[in-house]
Amino acid sequence: MTADFITTKTTPDLAFVSQHLFTAILWVNDQLSITRLNAQAEQLLAISSGRLINQSILTLLAPEELKPKESTTLGNSDSSENGHLDEPICSLRERFSQAQDYQQPFIDHDHLIKTPLNGNLLLSVDYSVTPVIYEQQSYFIIEMWGKDRQSRISEEQRQQQQYAVARHMLRSVAHEIKNPLAGIRGAAQLLQRQFIKFSDVTTTNKDATASSTSSSVSADTNDDLQKMNKKLRNYTDIIISETDRLTHLIGQLLGSNQLPNWQTLNVHEPLEHVLTLVVSQYPKIAIQRDYDLSLPELCADKDQLIQVFLNIINNACESMTEFEQTLQQNKLSDAEGASSADLQANINSDYQPTLHIQTRVAFQHTIIGQQHKQVLQITITDNGSGIDPALIGQIFFPMVTSRAAGTGLGLSIVQDIISHHHGMIDVSSTKEASDNQTRFTLYLPFTQPIAET
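None of the values given here were measured: they were computed from a predicted structure.

J.: I would appreciate a short explanation of the sheet that holds strand β2 (residues 34–37) in the present structure.
T.: Each strand in a sheet pairs with its neighbour through backbone hydrogen bonds, running either in the same direction (parallel) or in the opposite one (antiparallel). On the basis of which strands lie adjacent, the open sheet formed by five strands has the order β2-β1-β5-β4-β3 and antiparallel pairing. Every interior strand has two partners, whereas the edge strands, β2 and β3 (106–113), have only one. Neighbour to neighbour, the strand axes of the sheet diverge by 30° on average, direction disregarded. Strand direction decides the pairing type here: β3 and strand β4 (residues 123–134), joined by six bridges, are antiparallel. Its bridge partner being in β4, Phe106 is matched across the sheet by Val129.

J.: Can you help me understand the sheet that holds strand β7 (residues 286–290) in this one?
T.: Strands sit in the order β7-β9-β10-β12-β11 across an open sheet of five strands; the sheet is mixed. Looking at the sheet topology across the chains shown, the edges are occupied by β7 and β11 (424–431). Adjacent strand axes in the sheet meet at a mean angle of 20° when their direction is disregarded. In this structure, β11 lies alongside strand β12 (residues 436–445), joined through eight bridges in antiparallel fashion. The residue bridging Ser428 from the neighbouring strand is Arg439, located in β12. Against the sheet, helix α9 (residues 268–281) makes contact with β7, β9 (354–367) and β10 (370–382), and its axis sits at roughly 155° relative to β9, the strand it touches most.

J.: What is the right way to read the nonpolar core from this model?
T.: One broad rule of soluble globular proteins: the nonpolar side chains tend to lie buried together. Counting 43 residues, the largest nonpolar core has Leu298, Phe309, Ile312, Ile313, Leu355, Ile378 and Phe440 as the members making the most contacts within it. Of all the elements in the fold, those that place two or more residues in this core are α9, β8 (298–300), α10 (302–334), β9, β10, α12 (410–420), β11 and β12. The leading source of residues in this core is α10, at ten residues. Those residues in contact with Ile378, other than ones at most four positions away along the chain, are Val267, Leu271, Phe309, Gln358, Thr359, Phe440, Thr441, Leu442 and Leu444. Within the second largest apolar cluster, 29 residues are counted, among which are Val28, Ala41, Ala99 and Tyr127.

J.: Would you explain the confidence of the model for the protein chain in this entry?
T.: In regions of low pLDDT, the predicted coordinates are not meant to be interpreted in detail. Confidence along the protein chain averages 78 in pLDDT terms, with 72% of residues attaining 70 or more. Within the model, the stretch residues 71–87 combines pLDDT values under 50 with one contact to residues more than four positions away or in other chains.

J.: What exactly am I supposed to notice about the packing of aromatic side chains here?
T.: Each aromatic ring pair is described using two quantities: the centre-to-centre distance and the angle formed by the ring planes. If you walk through the whole model with that rule in mind, you get five aromatic pairs. Geometrically, the ring pair formed by Phe96 and Phe140 is edge-to-face, given 5.0 Å between the ring centres and 90° between the ring planes. Linking Phe96 in helix α6 (residues 92–102) with Phe140 in strand β5 (residues 137–146), this pair joins segments that are 44 residues apart in sequence. Note on Phe96: relative accessible area 1%, which makes it buried. Taken together through their ring pairs, the aromatic side chains of Trp27, Tyr134 and Tyr139 make up a single cluster. Geometry around Trp27 places Arg36 over its ring, the cationic atom sitting 5.6 Å from the centre.

J.: How should α12 be read in this particular structure?
T.: Residue pairs three or four apart in sequence face the same way in an α-helix, which turns once every 3.6 residues. With eight of eleven residues buried, α12 is to be regarded as a mostly interior element. Those residues of α12 lying buried are Leu411, Ser412, Val414, Gln415, Asp416, Ile417, Ile418 and Ser419.

What counts, and at which threshold
- Residues numbered from 1 in each chain as written.
- Predicted model: local features only at pLDDT ≥ 70, side-chain atom pairs only at ≥ 80, totals over all residues.
- Heavy atoms only, no water.
- Pairing = 2+ DSSP bridges.
- Helix = DSSP H or I, 4+ residues; strand = E, 2+ residues; numbered from the N terminus.
- Axes fitted to C-alpha atoms, helices over the stretch in contact; angles between N-to-C directions.
- Contact = heavy atoms within 4.5 Å.
- Core = buried A, V, L, I, M, F, W, Y, C linked by side-chain atoms within 4.5 Å.
- Buried < 20%, exposed > 50% of the residue type's maximum accessible area, 1.4 Å probe, protein only.
- pLDDT = per-residue confidence, 0-100.
- Phe/Tyr/Trp six-rings, centres within 6.5 Å; stacked < 30°, edge-to-face > 60°.
- Lys NZ or Arg CZ within 6 Å of the ring centre and 35° of its normal.

The following block contains the structure:
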């Protein structure tokens with residue numbers, strides 16, 4: 001008796017598969033109610049699954065079709081006839097019905113989603129609708145792609161290429177300048193030593209002349225030589241100090257050649273270290289912390305992260321301090337006739353410089369073409385003077401600054417360090433009459449590749 005072994009192929013769990021896709025997926029039944037969605041859909045729409053399940057898909061894609069149609073009266077018959085010209089030829093509900101009847105998918109591009117479920121956040125998406133039959137039930141699979149996300153990825157890749165080209169050019173120029181600077185400094189030092197020897201010889205001859213004769217002409221000549229020698233030594237001091245300053249600047253342009261010292265750490269440690277320094281330097285600034293204490297540990301170089309946070313937070317504090325001084329000067333000029341007590345009370349009560357720090361986990365995030373299931377998101381926000389819109393796309397380039405005393409290298413160093421950590425940095429700035437906001441958002445992968453390139 002032979003036994004027949006029947007091998008059965010296991011069917012993959014659709015819920016498991018959809019949770020690991022990079023595309024936003026929504027399952028909709030034949031009543032157009034949402035029955036299931038994956039994590040990418042939650043992130044794209046900024047709505048939890050608990051709020052979306054059992055909602056009509058029309059709530060997202062065509063909320064106007066859920067509103068009751070107003071009955072037309074005789075008085076506005078003409079306007080209603082003209083209004084039909086603005087209505088779509090086929091409603092979305094009808095398109096779903098036709099797709100189900102003919103089993104024919106359809107796609108819609110550049111569709112705007114605005115719903116109270118996510119605070120009326122405006123989203124531009126492309127979506128496709130595919131009718132399927134699963135376990136003898138009719139469903140629709142809806143795939144969504146965020147247009148804003150695709151634009152952000154393209155813009156990020158373009159900026160990364162520009163930053164790489166700019167860094168390469170500047171480093172090439174810096175190398176060409178560095179060697180001549182060393183020669184100029186060495187020549188100035190040799191010249192300074194000759195002036196010192198000449199000064200010693202002149203002093204010796206002056207003493208000898210004074211002991212042998214009392215010639216006033218020789219004494220005057222020696223005094224003139226001493227004055228000239230001192231002036232020339234001042235010139236060499238200027239040459240040496242300026243070459244040292246330029247060498248330091250070139251060193252900043254070239255950046256550090258040291259590889260990151262990877263270590264596992266809690267990102268709040270370097271943040272708190274920097275905030276401790278800021279509190280002592282800027283005591284008037286209010287600091288708001290919004291930490292996610294359940295964050296996984298991060299693989300990073302702690303000293304380099306401190307440098308990143310220090311540059312960004314220092315810039316924010318300086319911006320808020322300058323903005324406060326500008327407001328005070330404007331109020332002083334506007335209220336010259338007011339009493340000093342009333343004026344001081346008015347100045348102190350209006351503006352409060354505030355620094356807001358937030359840490360979160362961002363899911364399904366793309367960094368320089370690499371998709372990550374989750375990354376660390378650090379947001380640093382200030383209410384200072386903001387960034388000029390003309391500079392917002394250039395502030396990470398070397399030598400670009402909006403401050404008179406700035407070198408334009410701080411944010412370039414930040415960009416370099418974040419790139420070495422395979423992360424990205426985003427900046428936005430809004431200037432309004434009532435509220436200014438500048439926001440730096442850092443995205444860092446929790447793990448780093450073993451081999452560094």
